[in-house]
Amino acid sequence: MSDSDKDKLEAQKQAALDYHSQGRPGKLEVISTKSTIGSSDLAKAYSPGVAWPCLEIHKDPDTVYKYTAKGNLVGVISNGSAVLGLGNIGPLASKPVMEGKGILFKKFADIDVFDIEIDEPDVEGMVRVIKSLEPTFGGINLEDIKAPECFEVEEQLKEIMDIPVFHDDQHGTAIIASAGFLNALEVTGKKIDQVKVVFSGAGAAAVACARLFKNLGVKDKNLTMCDSKGVVYKGRTDGMNKYKEEFAVETSNRTLADAMKGADAFMGVSARGVLTKEMVKTMAPGPIIFAMANPEPEIYPHEVAEVRSDAIVATGRSDFPNQVNNVLGFPFIFRGALDVSARKINEEMKIAAVRAIAALAKEEVPEEVRLAYGNEDFSFGPNYIIPKPFDSRVLTTVTPAVAKAAMDSGVARKEIKDLHEYAANLQNRLGTTASFMKSLRDRLSIFVTKKKSKVRMAFAEGSNTRILQASKILLSEGRIEPILLGNEKQIRAKMESLGLTESLKSLEIIEPDKSSHFDDFYRQYCAQRHRSGVSLYHAEDLMAQENYFGSMLLKNNLVNCFIAGPTLDYASNLLPIINVVGTQEGSKASGIYILVFKNRVLFFADCTTQINPSAEDMAETAANTAQLFRNLMRREPRIAFLSFSNFGSNNSPEAKKVKKAVSITKSRYPEMNVDGEMQADVAVNKNILDKLFDFHTLNGNTDILIFPNLSSANISYKLLSQLTDANAIGPLLVPMNNTVNIIQRTAPVSEIVNMCNLSALLSEEQDRN
């Protein structure tokens, strides 16, 4: 190892140690899901109130899932006998790994975890300890237990426990590898009942993987397993056990090199260097090589490429294509099992996960996934046969498949009647935004169903990649009919390059200067703006631009909504909209952001348009934001005007402006629940507000924050969206004559889809009113 490599390794080591040690040590904490503000809450959380759920559970044990966290709680349990590539380092040293596993469960599937490290090397002892924990958990994830003990522990626990027990080192690797293997077979045109597969390694992962391969269709005679002593063949006695005997075959091959001759696939769960380039040369055409040893694979992809150009290679590493990563499996398998209160995770559930993961790799990859991986282009083929871990669709694809398999195979206690609705609701577990948007999409669906027509929505930048990807999603959702503006040849070419030609072939594409409306539109615009310096020729030039033409489509009610962006800057998008569509009754436009926190939704105004609004402007912004809130939330909002002053504590002109804005708002709109001026912490914390300013008039938690200027509003929403778990949705333009909004340049596809659904709902609300 060179000095520079040593320095790099040392830097990585220190960074990891700092990550675990700085601040609160470790990676996990317990957070209450219920309010614990006062003595009344504590009296319900513990004594005396806690006695009542205890008595209910005593009467009916199944109510434990109603009154406790058991149904969403998994025990990650290890004795530290086979930790990653570190070997038998013991239970104490394994704790950072188990904490990390807990983080993955929570991040990807919203499953809570207690990590349990047990100082027990024997099978009988482990089984006794883990069985005794059954009242605590909804499922058990066994981790980093060496073979063959891991097989015995899992098999015994599955027999005596009535909750799922899953050894991820075995089955997680097997499930992901099997999904990749099925896709590799499809890419190479090989048949599963004909391929010759060679395994290097005979431990937990290899045995589980080989079993699953057989269940999927690989013939016994075509599967050869090798360990450190060579081929596992019938009659061999050295280093054998009952698990290896399961895979012993009649063969004259005695070494891995012998077995590799003519092999279609290599499955490595062993060690670096086991597979050589010479062995790869002897494989059949179109070889499939899964070198899954970590941290260094049996053979590196570039080494394979030096001798075979026709190979498909997968590893366990994230820095190469086709990573076999267990995080694609265990969070979602447990999520599905827990949600139907499954008694076990059986073979049917594992195969359902395999096929769901394999199918997902064939679908188009969303923009946010590409961005998470350096804007890399993923499409099904030799370098993309396994989905990426940060693809949120894994949750909504794999989990329902596992839950259905549990129900179909008879191991589920609960039934999910509508799996489509279940899949849609799963995203809610990962944040309030999904739940918030689902409620709005459901309302939009009701409008569309009643009208028997979709919301027609025009997009200014029809050839933009994100717009096209969002259009595909919107089409599939069935509520919005996208209309693309721009050069049709360029749009069609971009569709083809993205593989979207078939799915978007029905979309209407309008080239502004070739449209039958073009002449009428630029003459209308000239008549509208001729006293503002716009000549007929100038109007004609402007109308060839998509933002002007799209705004005119909206003004003439040829579409229900118009969406500008996402490549031009905000001001360039806003000017045509203001000039053509205009605001209601001469009001000034405001840009509203909706900040969705875990337990709260707040509207921020004005975040995008008015740099230094007057008191009158702030009052109008409050009224317009309140109307937006009513349309979306269907109740009256509580509005706080923000300042660095609390109720007259400062007499500076800036504070007086906000105080005046409150007075104007209360005078003009006496029905609105408004107060201020107040500081931000006072506005969002009702305990502070009630304690220090008991004369205030807000009748609940604040819903809308009115900022004194653009700087404070813009900075606030951007800081919160970057430094907290809050998601910012917007900006929503109000009060426009028609529904029009601007997509921000940094918005991923998911945000664009959210903005479109919001805009469509607002257009329907506007029509209704």
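Each remark here, short or long, concerns the structure printed above.
Residues numbered from 1 in each chain as written. Predicted model: local features only at pLDDT ≥ 70, side-chain atom pairs only at ≥ 80, totals over all residues. Heavy atoms only, no water.

**Q** I tried to follow the environment of Arg317 on my own but got confused; where do I start?
**A** Within the element layout of this structure, Arg317 appears in the loop between strand S10 (312-315) and helix H14 (330-339). We classify Arg317 as partly exposed; its relative accessible area is 22%. Remark: the alpha-carbon pair of Arg317 and Pro297, spanning 20 residues in sequence, is separated by 8.2 Å. Excluding anything up to four places from it in sequence, Arg317 contacts Asn294, Pro295, Glu296, Pro297, Tyr300 and Gln323. For Arg317, the side chain forms a polar contact with the main-chain oxygen of Pro295, separated by 3.0 Å. Within the local environment of Arg317, its side chain forms a polar contact with the side chain of Asp319, the two groups lying 2.6 Å apart. (Helix = DSSP H or I, 4+ residues; strand = E, 2+ residues; numbered from the N terminus. Buried < 20%, exposed > 50% of the residue type's maximum accessible area, 1.4 Å probe, protein only. Contact = heavy atoms within 4.5 Å. Polar contact = N/O pair within 3.5 Å; in protein donor to acceptor, adjacent residues only side chain to side chain.)

**Q** Would you mind showing me how to read the pairing of strand S8 (residues 265-268) here?
**A** Within a regular strand, side chains alternate between the sheet's two faces. Residue alternation in S8 divides its side chains into two sets, Ala265 and Met267 and Phe266 and Gly268, and both sets are buried. Relative to S8, strand S5 (residues 197-200) is paired through 4 bridges, and the arrangement is parallel. Residue pairing across strands places Val198 opposite Phe266, the latter belonging to S8. Two elements, S8 and strand S9 (residues 288-291), share 4 bridges in a ladder whose sense is parallel. Looking across to S9, one finds that Met267 is bridged to Phe290. (Pairing = 2+ DSSP bridges.)

**Q** Would you explain a nonpolar patch on the surface in this entry?
**A** On the surface, Leu84, Leu86 and Ile89 cluster together into a nonpolar patch covering about 300 Å² of accessible area. Summarising the element assignment, Leu84 is placed in the loop between strand S1 (73-78) and helix H5 (90-109). (Patch = residues over 30% accessible without salt bridge, like charges linked within 9 Å, V, L, I, M, F, W, Y side chains within 5 Å. Areas by Shrake-Rupley, 256 points an atom, 1.4 Å probe, with all protein chains shown as cover. Salt bridge = Lys/Arg side-chain N within 4 Å of Asp/Glu carboxyl O.)

**Q** Whenever I open this one, the nonpolar core confuses me. Can you help?
**A** Generally speaking, soluble globular proteins have nonpolar side chains that are buried together. Membership of the largest hydrophobic core comes to 99 residues, with the highest contact counts inside it found for Phe181, Phe199 and Met267. When neighbours within four sequence positions are excluded, Met267 is seen to be in contact with Phe181, Val197, Val198, Phe199, Ser200, Phe213, Ile288, Phe290 and Met292. (Core = buried A, V, L, I, M, F, W, Y, C linked by side-chain atoms within 4.5 Å.)

**Q** Is there a simple way to think about the environment of Gly381 in this case?
**A** Among the secondary structure elements, Gly381 is positioned in the loop between helix H16 (367-372) and helix H17 (393-408). Taking the relative accessible area as the measure of exposure, Gly381 reaches 7% and is therefore buried. Counting along the chain gives 330 residues from Gly381 to Ser711, while the straight-line C-alpha distance between them is 48 Å.

**Q** Just to check I follow, could you spell out empty space enclosed by the protein for this structure?
**A** Taking a probe equal in size to a water molecule and rolling it over the atoms shows the remaining empty space. The full count for this structure, using the stated rule, is 3 cavities of 30 Å³ or more. By volume, the largest cavity is sized at about 80 Å³. What lines the largest cavity is Ala728, Ile729, Gly730, Ile742, Ile743, Gln744, Ala747, Glu751, Ile752, Asn754 and Met755. Among the secondary structure elements, those contributing two or more residues to the lining of the largest cavity are strand S20 (727-734) and helix H31 (749-768). In terms of residue count, H31 provides more of the lining of the largest cavity than any other element does, 4 residues in total. Per-class residue counts for the lining of the largest cavity are 7 nonpolar, 3 polar and 1 charged. (1 Å grid on protein atoms, 1.4 Å probe; cavity = no way out; pocket = protein on both sides within 12 Å on 5 of 7 lines; lining within 4 Å. Points joined across faces, edges and corners; volume = space filled by probe spheres on them. Nonpolar A, V, L, I, M, F, W, Y, C, P; charged D, E, K, R; others polar.)

**Q** What is the right way to look at helix H27 (residues 653-668) in this model?
**A** Helical periodicity: at 3.6 residues per turn, an α-helix aligns residues three or four positions apart in one direction. The end-to-end C-alpha distance of H27, which contains 16 residues, comes to 22 Å, matching closely the 22 Å that a straight helix rising 1.5 Å per residue would cover. For H27, every residue scored as buried is listed here: Ala655, Lys657, Val658, Ala661, Val662, Ile664 and Thr665. (Expected span 1.5 Å × (residues − 1).)

**Q** Please explain the sheet that holds strand S4 (residues 165-167) as it appears in this structure.
**A** Sheets are built from strands that pair by backbone hydrogen bonding, the pairs being arranged parallel or antiparallel. Reading across from one edge, S2-S1-S3-S4 is the order of the 4 strands in this open sheet, with parallel pairing throughout. For this open sheet the edge positions go to strand S2 (112-117) and S4, each flanked by a neighbour on one side alone. Here the average twist between neighbouring strands, direction ignored, is 20°. (Axes fitted to C-alpha atoms, helices over the stretch in contact; angles between N-to-C directions.)

**Q** Please explain the sheet that holds S5 as it appears in this structure.
**A** Taken in spatial order, the 6 strands make up an open sheet running S7-S6-S5-S8-S9-S10, and their pairing is mixed. Unpaired on one side and paired on the other, strand S7 (230-231) and S10 mark the two borders of the sheet. As paired strands, S9 and S10 are joined by 4 bridges and run parallel to one another. Across the sheet, Ile289 pairs through a bridge with Val313, a residue of S10. This element, helix H9 (residues 204-216), spans S5, strand S6 (223-227) and S8 of the sheet and lies at about 175° to S6.

**Q** Before we go on, may I ask you to explain the packing of helix H26 (residues 615-633) against H27 in this structure?
**A** When two helices pack together, you describe them by how their axes are tilted relative to each other and by the distance separating the axes. H27 packs onto H26 with a crossing angle of 50° between their chain directions and a minimal axis gap of 8 Å. Between H26 and H27, the angle falls in the class oblique. Taken as a pair, H26 and H27 cross one another with a handedness that is right-handed. Across from Ala615, Glu616, Met618, Ala619, Glu620 and Ala622 in H26, the residues of H27 making contact are Lys657, Val658, Lys660, Ala661, Ile664, Thr665 and Arg668. Considering only residue class, the contact of H26 with H27 consists of 7 nonpolar, 1 polar and 5 charged. (Parallel < 35°, antiparallel > 145°, perpendicular 65-115°, else oblique. Left-handed = near helix turned anticlockwise from the far one by under 90°.)

**Q** Teacher, can you tell me more about the pattern of salt bridges here?
**A** Between side chains of opposite charge, pairing is possible as soon as their charged atoms come close. Evaluation of the coordinates by the stated rule reveals 49 salt bridges. Of the charged contacts, one joins Lys106 and Asp112 as a salt bridge, the two residues approaching to 2.8 Å between their closest N and O atoms. Judged by its relative accessible area of 27%, Asp112 is partly exposed. Linking Lys660 and Glu616 is a salt bridge whose minimum nitrogen-to-oxygen distance equals 3.6 Å.

**Q** Looking at this structure, I do not really get the side chain of Arg393. What am I missing?
**A** Structurally, the position occupied by Arg393 is in helix H17. In this structure Arg393 comes out as buried when scored by relative accessible area, which is 16%. Here Glu364 takes part through its backbone oxygen, which lies 2.7 Å from a polar atom of the side chain of Arg393. Each residue touching Arg393, except ones within four places of it in the same chain, is listed here: Leu360, Glu363, Glu364, Val365 and Pro366.

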